Amino acid sequence: MADFNPSLNEDQLTIQKWVHDFAEDVMRPNAEEWDEREEFPWPVVQEAAQIGLYGWEFLANAMFNDPTGLTMPVAIEEMFWGDAGLGMAIMGSGLAAAGIASSGTQDQVMEWVPQCYGDAKDVQLGAFAASEPDAGSDVGGYRTSAKYDEATDEWILNGTKAWITNGGIADIHVVVAVVAPELKTKGHASFIVPPGTKGLSMGQKYKKHGIRASHTAEVVLDDVRVPGRCLLGGKEKLDERLARVRRGERGNSQAAMQTFEATRPTVGAQAIGVARAAYEYSLDYAKEREAFGRKIIMNQSIAFMLADMATEIEATRLLIWRAAWLGKQKAFVNAEGSMAKLKAGRVATHVTERAIQILGGYGYTRECPVERWHRDAKIHDIFEGTEQIQQLVISRAISGLRIE
Ligand SMILES: Cc1cc2nc3c(=O)[nH]c(=O)nc-3n(C[C@H](O)[C@H](O)[C@H](O)COP(=O)(O)OP(=O)(O)OC[C@H]3O[C@@H](n4cnc5c(N)ncnc54)[C@H](O)[C@@H]3O)c2cc1C
């Protein structure tokens, strides 16, 4: 196993600059407009597709050609420094791609992942639909059902999914459904719902506090029939897995845990991008703004706030990078991926709030981007596992006990 080295190689520095330039030149100037419109920012995503930033090739290169694990968090931090709502619009299809990659066969990955993105001329979207109105953290509470029709070799999906990024506007929906209710969380399977499938529709579109350029909506599945080949992993593998669980044999929960842990540092990187944006903005402001005849940064209380913000960001980035590196080596010990995500969400929420404080009344207005960054930061305490769910995972990892 290579040592952890938190210095970036030539490729990573090039990617960092490339994403930063896009964030500065395209995302920043568009951010306010799309936040106000609360609509999916097609022109921005199309521009990202034109330079290859939105696309499965970028994702595959960043993930598979990087033994250090640092390329993804580095790229994502820059993107979310640009804007979190637009960033989520660009990254949202990655949730579907990750869902396919983690459960699908090689053929399924090759067939469906490119369709989550399309190409620069015809941009497409993917959505990953797991959460439900009555079951977000409590994945054992999913009710969406998938029943097999042997006569036609089709699966029939029924239920409602809630809070789905790109839900109802995506070309490819990856839907987690219950195939064996008596087995609780072990009785789930994932299905592709291909473009244009009858019975899938968008329910309510949520009006959100932050990341408002990212589309979030319910997905309603009403007798949705998908061909047998849309079951990720295939029927034979599913039947074998269910039989193993019914015999009381241990499933591969360790592997599933490693997968979740491995994606969490990238969510942490999103949060730290937002935090850094707010810190930099408030540092510049504090060096310019005068009160009582001097720059406000000359007051220790303001300077120390900025010192703490910088320290928290630096420390959290190291935690994220180390967790990303551990994920690459498949070497998590104490849920370090969850630790990175937990810390980054809290730091982003705190730092953006402190930035408003430094900006005073201006910081509280919608003329000032820090107000938007504070709203955007909060989502990182909620999605991809809430603050409390990260604490649960970490406490189980450090204690070896099943803490409830
Ligand atoms: C903008 C946005 C985008 C999203 N995108 C997607 C997506 O693309 N796909 C998808 O499937 N989902 C998505 N989600 C759903 C997200 O993952 C859930 O909102 C999240 O998992 C929390 O679930 P919940 O909202 O049902 O809250 P609940 O699970 O009801 O939690 C409510 C509160 O109770 C706490 N809590 C719950 N259980 C415990 C416990 N055992 N111990 C201690 N505290 C507990 C939680 O931490 C939280 O504070 C998205 C959500 C949002 C807001």
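Residues numbered from 1 in each chain as written. Predicted model: local features only at pLDDT ≥ 70, side-chain atom pairs only at ≥ 80, totals over all residues. Heavy atoms only, no water.

**A look at the packing of helix α4 (residues 71-82) against helix α5 (residues 84-103)**
- At a minimum axis separation of 8 Å, α4 and α5 run at an interaxial angle of 135 degrees. In terms of orientation, α4 lies oblique with respect to α5. Between α4 and α5, the residues in contact are M72, I76, M79 and F80 and A84, G87, M88, I90 and M91, respectively.
- Of the residues contributing to the contact of α4 with α5, the split by class is eight nonpolar, one polar and no charged. (Axes fitted to C-alpha atoms, helices over the stretch in contact; angles between N-to-C directions. Helix = DSSP H or I, 4+ residues; strand = E, 2+ residues; numbered from the N terminus. Parallel < 35°, antiparallel > 145°, perpendicular 65-115°, else oblique. Contact = heavy atoms within 4.5 Å. Nonpolar A, V, L, I, M, F, W, Y, C, P; charged D, E, K, R; others polar.)

**As for the nonpolar core**
- Residues Y54 and F191 are the most contacted members of the largest nonpolar core, which totals 111 residues.
- For this core, the element with the highest residue contribution is helix α8 (residues 253-288), accounting for 11 residues.
- Setting aside its immediate chain neighbours within four residues, Y54 contacts V45, A48, A49, A89, I90, S93, C116, Y117, V123, Q124 and L125. (Core = buried A, V, L, I, M, F, W, Y, C linked by side-chain atoms within 4.5 Å. Buried < 20%, exposed > 50% of the residue type's maximum accessible area, 1.4 Å probe, protein only.)

**Focus: the site of the ligand**
- Around the ligand, the structure places 18 residues, and the nearest of them are F128, S131, S137, T386 and Q388.
- For the ligand, an oxygen atom lies 2.9 Å from a polar atom in the backbone of A130.
- One of the side-chain N or O atoms of T386 is found 2.6 Å from an oxygen atom in the ligand.
- Within the complex, 66% of the 970 Å² of free accessible area of the ligand lies under protein.
- Ranked by residue count, the leading element in the shell around the ligand is strand β3 (residues 154-165), at three residues.
- Broken down by class, the residue content of the shell around the ligand amounts to nine nonpolar, seven polar and two charged. (Near = heavy atom within 4 Å. Polar contact = N/O pair within 3.5 Å; in protein donor to acceptor, adjacent residues only side chain to side chain. Areas by Shrake-Rupley, 256 points an atom, 1.4 Å probe, with all protein chains shown as cover.)

**Notes on the pattern of salt bridges**
- Overall, the coordinates contain 30 salt bridges when judged by the stated rule.
- Close ionic contact of K17 with D21 constitutes a salt bridge, the shortest N to O distance being 2.7 Å. In this pair, K17 and D21 both sit in helix α1 (residues 10-37), four residues apart, roughly one turn of the helix.
- Judged by relative accessible area, K17 falls into the exposed class, the value being 53%.
- The shortest N-O distance in the salt bridge between D83 and R372 comes to 3.3 Å. Taken together, the positions of D83 in the loop between α4 and α5 and R372 in helix α11 (residues 369-377) put the pair 289 residues apart, joining distant regions of the chain. When sorted by exposure, D83 lands in the same class as R372, which is buried. (Salt bridge = Lys/Arg side-chain N within 4 Å of Asp/Glu carboxyl O.)

**Some thoughts on unusual backbone geometry**
- Its identity is not glycine, yet D153 carries a phi of approximately 55 degrees, on the positive side.
- Within the fold, D153 resides in the loop between β2 (145-149) and β3.
- A positive phi angle is found at W163, which is not glycine, with a value near 60 degrees.
- Take W163: it is sitting in strand β3.

**Focus on the pairing of strand β7 (residues 216-227)**
- One ladder, built from nine bridges, connects β3 with β7; its direction is antiparallel. The residue of β7 that forms the bridge with T165 is T216.
- Pairing analysis gives four bridges linking strand β6 (residues 200-205) to β7, with the strands arranged antiparallel. Counterpart to L200 in the pairing with β7 is L221. (Pairing = 2+ DSSP bridges.)

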